[in-house]
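# Summary of the model geometry
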Amino acid sequence: GAGVSQSPSNKVTEKGKDVELRCDPISGHTALYWYRQRLGQGLEFLIYFQGNSAPDKSGLPSDRFSAERTGESVSTLTIQRTQQEDSAVYLCASSLLLPEIYGYTFGSGTRLTVV
Amino acid sequence: AQSVTQLDSQVPVFEEAPVELRCNYSSSVSVYLFWYVQYPNQGLQLLLKYLSGSTLVKGINGFEAEFNKSQTSFHLRKPSVHISDTAEYFCAVSGGGADGLTFGKGTHLIIQP
């Protein structure tokens, strides 16, 4: 597609439920990043996928968080047993190799509210 | 490891006045520096970036930034702001390639009529 697409745009869930967030990157972009943006905070790196390599999961805050990517296409971020501190905007970005040259393209994010 | 400090969480400024948003970084390696803007309920949009060469970088919407290696700063400036510039501005640093971006906490630019 023309841009990075994220769904849903908004999600309200009850504490303890599982949620799944989706990111559809730009076609041909080999790299995909997930970030979390809490209210009044900067963007916090969560996970990075590059082609078929093992993902860099170093930013995942707990074992309740996991992410998958099928080849170089769609990625899903799953949060199990959601807690109120998981409330945030979850942003996805994709890029070609050498993103510092070709740039990162961000989606509009999924606003997650845990009640 | 890299880190970014944006010294001001909010900057109020009158319309048509100049503005400077401050950004300082720390890194043990050479870095690439970026400024992104986030309008309400939207994703991040690249304003400008510094990779190498001239330390004064010009971006979209009349913004520019100057890389100062000795002061480890990359402040963003605009000579005359408009109401439409009201947004959150993020400074970010990358070591390149798989490093991804490390972001500051953002500065909310508030334009007063």
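These figures come from a predicted structure and were not determined experimentally.

Cut-off values and rules
Residues numbered from 1 in each chain as written. Chains lettered and ligands numbered in written order. Predicted model: local features only at pLDDT ≥ 70, side-chain atom pairs only at ≥ 80, totals over all residues. Heavy atoms only, no water. Core = buried A, V, L, I, M, F, W, Y, C linked by side-chain atoms within 4.5 Å. Buried < 20%, exposed > 50% of the residue type's maximum accessible area, 1.4 Å probe, protein only. Helix = DSSP H or I, 4+ residues; strand = E, 2+ residues; numbered from the N terminus. Salt bridge = Lys/Arg side-chain N within 4 Å of Asp/Glu carboxyl O.

## Focus on the nonpolar core
Ranked by size, the top nonpolar core spans 29 residues in total, and within it Trp35(B), Leu48(B), Leu76(B) and Tyr89(B) carry the most contacts. Only strand 2 (10–14), strand 3 (19–21), strand 5 (32–38), strand 6 (44–50), strand 8 (64–68), strand 9 (73–78), strand 10 (87–94) and strand 12 (107–112) of chain B provide two or more residues apiece to this core. Among the elements that make up this core, the one with the highest residue count is strand 10 of chain B (four residues). Judged by nonpolar contacts, the second largest core, of 20 residues, contains Leu21(A), Ile26(A), Ile47(A) and Leu77(A).

## A look at the pattern of salt bridges
When the charged atoms of two side chains with opposite charge come close together, those side chains can pair. All names here are of chain B. Applying the stated criterion to the full structure yields eight salt bridges over all chains. A salt bridge links Asp8 to Arg22; its shortest N-O distance comes to 3.0 Å. You can see Asp8 sitting in the loop between strand 1 (3–5) and strand 2 and its partner Arg22 sitting in the loop between strand 3 and strand 4 (24–26), a full 14 residues away along the chain. The partner of Lys58 in a salt bridge is Glu64, and the shortest N-O contact between them spans 2.8 Å. Given a relative accessible area of 61%, Lys58 falls into the exposed group. Residues participating in the shared-partner salt-bridge network are Glu20, Glu66 and Arg77.

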